[in-house]
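The residues making up each chain are set out below.
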Amino acid sequence: MRHKIKAKVVEIAKNPNTQKALLSMKPEKNFWGIGGTILFFIVPEIVAYIWGAEITQFAKTQLLVSQPLLEEQYYKLLVMAFEDGMSWFNLLVGFALLVWLFF
């Protein structure tokens, strides 16, 4: 069974359509490719590491006050996004995309 899975993975990796899809995911070497990778993967994790506890506490405090539905959902989203601290996975994906961008 292990050999079948390994053979299938090698077959998928050598498939030209897979390689084409992988190249289409690669960010472009321009301002938007670099900036988007940094802005969407790295900066939120740094913010969560530095100010995650404060943001979570603020959002939980605001949830105790009666809010319109949209604001209540916003504060719940803030709690969900920042209560666990930073995500090492997202940070590693961001750095991997930056390395991949320049090679």
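Coordinates for the structure precede this section.
Residues numbered from 1 in each chain as written. Predicted model: local features only at pLDDT ≥ 70, side-chain atom pairs only at ≥ 80, totals over all residues. Heavy atoms only, no water.

A.B. asks: Lay out the nonpolar core in plain terms, naming residues and giving numbers.
C.D. replies: Counting residues in hydrophobic clusters, the biggest one holds 11 residues: I42, A48, A59, Y75, L78, V79, F82, M86, L91, L98 and L101. Among the elements of the structure, α3 (31-64), α4 (69-82) and α5 (88-102) are those that each provide at least two residues to this core. A total of four residues in this core trace back to one element, the largest contributor, which is α4. Dropping the residues within four chain positions of it, L98 is found in contact with I34, T37, I38 and I42. (Core = buried A, V, L, I, M, F, W, Y, C linked by side-chain atoms within 4.5 Å. Buried < 20%, exposed > 50% of the residue type's maximum accessible area, 1.4 Å probe, protein only. Helix = DSSP H or I, 4+ residues; strand = E, 2+ residues; numbered from the N terminus. Contact = heavy atoms within 4.5 Å.)

A.B. asks: Quick one: what's the story with the packing of α3 against α5, residue by residue and with numbers?
C.D. replies: α5 packs onto α3 with a crossing angle of 160° between their chain directions and a minimal axis gap of 8 Å. On the basis of the axis angle, α3 is roughly antiparallel to α5. Note that α3 runs across α5; the crossing there is left-handed. Residues I34, T37, I38, F41, I42 and E45 of α3 lie in contact with α5, whose contacting residues are N90, L91, V93, G94, F95, L97, L98, L101 and F102. Taken together, the residues of the contact of α3 with α5 break down into 11 nonpolar, three polar and one charged. (Axes fitted to C-alpha atoms, helices over the stretch in contact; angles between N-to-C directions. Parallel < 35°, antiparallel > 145°, perpendicular 65-115°, else oblique. Left-handed = near helix turned anticlockwise from the far one by under 90°. Nonpolar A, V, L, I, M, F, W, Y, C, P; charged D, E, K, R; others polar.)

A.B. asks: Describe the packing of aromatic side chains, with residues and values.
C.D. replies: In this structure the tally under the stated criterion is three aromatic pairs. Here the aromatic rings of F58 and Y75 are separated by 5.9 Å at their centres, their planes lie at 75°, and the arrangement is edge-to-face. Of this pair, F58 sits in helix α3 while Y75 sits in helix α4, and the two are 17 residues apart along the sequence. Aromatic rings pair up to connect F58, Y74 and Y75 into one cluster. (Phe/Tyr/Trp six-rings, centres within 6.5 Å; stacked < 30°, edge-to-face > 60°.)

A.B. asks: Which residues make up the pattern of salt bridges, and what are the values?
C.D. replies: For the structure on display, the rule yields one salt bridge. A salt bridge links K76 to E72; the nearest nitrogen and oxygen atoms lie 3.2 Å apart. One end of the pair, K76, and the other, E72, are both in helix α4, four residues apart, so they sit about a helical turn from each other. With relative accessibility at 40%, the residue K76 sits in the partly exposed group. By relative accessible area, E72 is classed as partly exposed at 27%. (Salt bridge = Lys/Arg side-chain N within 4 Å of Asp/Glu carboxyl O.)

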